[in-house]
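# Observations on chain architecture
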Amino acid sequence: MRTTLDAEKAEDIVQIDLRGKSAVADHMIVCSGRSTRQVTALAEKLSEKLKDRLGRSARTEGKTQGDWVLLDAGDVIVHIFRPEVRDFYQLEKMWQDPSSEAVRPN
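Structure report, in brief. Here the structure is a predicted model, which means the values were calculated and not measured.

Thresholds applied
As a convention, each chain's residues are numbered from 1 in the sequence order in which they are written. Per-residue local features are limited, in this predicted model, to residues with pLDDT of at least 70; the limit for side-chain atom pairs, both in listing and counting, is 80 or more; totals at the level of whole chains, interfaces and linings are taken over all residues. To obtain the side-chain values, all non-hydrogen atoms of the structure were used and water was disregarded. Classification of ring pairs rests on two measures: the distance between centres of Phe, Tyr or Trp rings, Trp counted by its six-membered ring, which must be within 6.5 Å, and the angle between planes, read as stacked under 30 degrees, edge-to-face over 60 and tilted in between. By the criteria applied, helices consist of DSSP H or I runs no shorter than four residues and strands consist of E runs no shorter than two, each listed in order from the N terminus.

A few words now on the packing of aromatic side chains. Scanning the entire structure with this criterion turns up three aromatic pairs. Judged by centre distance (4.9 Å) and plane angle (50 degrees), the ring pair of Trp-68 and Tyr-89 falls under tilted. With Trp-68 in strand S4 (residues 68-72) and Tyr-89 in helix H3 (residues 83-89), the pair connects residues that are 21 residues apart, well separated along the chain. Where Phe-88 meets Tyr-89, the ring centres are 5.0 Å apart and the plane angle is 90 degrees; that geometry is what we call edge-to-face. A connected cluster of aromatic rings, assembled from ring pairs, spans Trp-68, Phe-81, Phe-88 and Tyr-89.

Quick look at the structure:
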């Protein structure tokens, strides 16, 4: 997933380990697209890749608006935001461990 997001020019990609924090998923990925069009395109491309690799479709919410798209791929949940919406909700701060930083590779 990360490789696809990098290749499609997603910005500020953050991976958060949810093991022991939530029964919903083991990992969360949060990233940004520069516009509603890019947010939607990132979600579509990632959905295609997941279907090709896993043979099943990820559940998707918010694709028609393009401000915040959620993809549920089972053990991994991906949130793709426009930057302004991401700044407003600050989802990473809600889930990351206060004693550690979320993984932000270059």
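Here the narrative resumes, following the displayed structure.
What follows concerns the environment of Ile-80. Mapped onto the elements, Ile-80 comes out in strand S5 (residues 76-81). In sequence terms Ile-80 and Ser-32 are 48 residues apart; their C-alpha atoms lie 5.4 Å from each other.

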